[in-house]
Amino acid sequence: MLNFSILTKYFDLYFQGFLTTIEVSIIGLICSFILGVIVAVLRIAPLRILNWIGTCFVEFIRNIPLILIVFFFYYGLSKYVNLSGFAAGTIGLTIYTAAFIAEAVRAGIQSVDKGQMEAARSSGLTYIQAMKHIVLPQAIKIVIPPIGNQFINLVKNSSILGLVAGMELMYFADYVHEKTWISFDTYIFAALFYLVLTIPLSIFVNRLEKRLARSY
């Protein structure tokens, strides 16, 4: 039996961490989406130097652990910039997720008929204008489901902030554990709070994917 007295006694801490997790996730989603789109455009830009910059970003970020990125901002830059655990964790989470969103968006852009770009350029639009007004709107519709899955991963990955005093759900779960020394129940309750976020998101993404598939 779970010791629900832990949940009732420390509910305010769990809930505070829950709200912070939501905040981190929303900020991370918006910023990583913007950065991911920019990197995706760089990866397919006609200039080789831009391709190289985008490719280096994606390959470098995707092939190192998230915890190293967060530690770099929290510990590595502490000599030069004073970042809180929340800020360092959110920046690291944003950059890490952006690399995966960039690949999803790049695949979406490449799935759009090349004739769309050629027609836009022949009508007098610049590369940036054609990408912004013609190609990207179509590509984003295609990659909405993968981006939704990345958002779910971002919510779960936000637990990394617990290692740098990010004041999110895992941070307070660790705090409750230190107070009670009851491991199983403490982290089960934290898991339930995560499920409150991830299960509805999963259902929404699945339904959205089916609806988009029917429309296509």
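Within each chain, residue numbers correspond to sequence positions counted from 1 in written order. Given that this is a predicted model, residues contribute local features only at a pLDDT of at least 70 and side-chain atom pairs are listed and counted only at 80 or more, while totals for whole chains, interfaces and linings are drawn from all residues. Remark: hydrogens and water are excluded; side-chain values derive from all non-hydrogen atoms of the structure.

(A) Representation of the packing of aromatic side chains in the model. Ring pairs are drawn from Phe, Tyr and Trp, using the six-membered ring of Trp, whenever the two centres fall within 6.5 Å, and their geometry is named by plane angle: stacked under 30 degrees, edge-to-face over 60, tilted for the rest. Scanning the model with the defined rule gives 11 aromatic pairs in all. Considering the side-chain rings of Phe11 and Phe193, the 6.1 Å spacing of their centres and the 45° angle between planes classify their relative orientation as tilted. On the criterion of sequence distance, the pair formed by Phe11 in helix α2 (residues 11-44) and Phe193 in helix α9 (residues 183-215) is long-range, its members being 182 residues apart. Phe11 sits in the partly exposed class, given a relative accessible area of 40%. Since its relative accessible area comes to 11%, Phe193 is described here as buried. Each member of the aromatic cluster is reached from another via a ring pair, and the members are Phe11, Tyr14, Phe15, Phe18, Phe189 and Phe193. The helix count covers DSSP runs of H or I at least four residues long, the strand count covers runs of E at least two residues long, and both are numbered beginning at the N terminus. Exposure classes here rest on a 1.4 Å probe applied to the protein chains alone. A residue is buried below 20% of its type maximum, exposed above 50%, and partly exposed in between.

(B) Broad picture of helix α8 (residues 169-180). Across its 12 residues, α8 extends 16 Å between first and last C-alpha, which sits within 8% of the 16 Å expected from 1.5 Å per residue. Where α8 is concerned, the buried positions are Leu169, Phe172, Ala173, Val176 and His177. The arc that holds the buried residues of α8, viewed along the axis, is 150°, so those residues lie on one side. Pairs of N or O atoms are called polar contacts if they sit within 3.5 Å, as long as, within protein, a hydrogen donor faces a hydrogen acceptor (for residues adjacent in sequence, only side-chain-to-side-chain pairs). In this structure Glu168 caps α8, since a side-chain oxygen of it lies 2.9 Å from the backbone nitrogen of Met170. Downstream of α8 by one or two residues, Trp181 has phi in the positive range, about 55°. Each residue after the first adds 1.5 Å to the expected span of a helix. Directions pointing from the helix axis toward each C-beta atom define the arc.

(C) A look at helix α3 (residues 48-62). With 15 residues, α3 ought to run about 21 Å at 1.5 Å a step, and its terminal C-alpha atoms sit 21 Å apart, in line with that. Residue contacts are counted whenever heavy atoms from the two residues lie within 4.5 Å of one another. In this structure, the buried residues of α3 make contact with α2, α4 (66-76) and α5 (85-111).

(D) Inspection of the side chain of His177 at higher detail. Summarising the element assignment, His177 is placed in helix α8. Excluding residues within four positions of it along the chain, His177 makes contact with Ile182, Ser183, Thr186 and Tyr187.

(E) Spatial organisation of the pattern of salt bridges. Each reported salt bridge corresponds to a side-chain nitrogen of Lys or Arg within 4 Å of a carboxyl oxygen of Asp or Glu. Here the structure, examined in full by the defined rule, presents 3 salt bridges. Residue Glu103 is joined to Arg43 by a salt bridge in which the shortest nitrogen-to-oxygen separation is 2.3 Å. One end of the pair, Glu103, is in helix α5; the other, Arg43, is in helix α2, with 60 residues separating them in the sequence. The same class applies to Glu103 and to Arg43, which are both buried. Put simply, Arg62 and Glu59 hold a salt bridge, and the shortest N to O gap is 3.6 Å. Of the two residues, Arg62 and Glu59 are both situated in helix α3; the distance of 3 residues between them amounts to about one turn of the helix. Owing to a relative accessible area of 31%, Arg62 belongs among the partly exposed residues under this scheme. A relative accessible area of 34% places Glu59 in the partly exposed class. Salt bridges sharing common partners tie together Arg43, Glu103 and Arg106.

(F) Structural detail: the nonpolar core. Definition used in this section: a nonpolar core is a set of buried Ala, Val, Leu, Ile, Met, Phe, Trp, Tyr and Cys residues joined via side-chain atoms within 4.5 Å. In this structure, Ile6, Tyr10, Tyr14, Leu169, Val176 and Phe193 are the most contacted members of the largest nonpolar core, which totals 20 residues. When contributions to this core are tallied by element, the ones reaching two or more residues are α1 (4-9), α2, α7 (127-157), α8 and α9. For this core, the element with the highest residue contribution is α9, accounting for 7 residues. For Tyr10, the residues in contact, after removing those within four places along its chain, are Val176, Lys179 and Thr180. Ile101, Met117, Val135 and Ala139 belong to the second largest nonpolar core, which has 18 residues in total.

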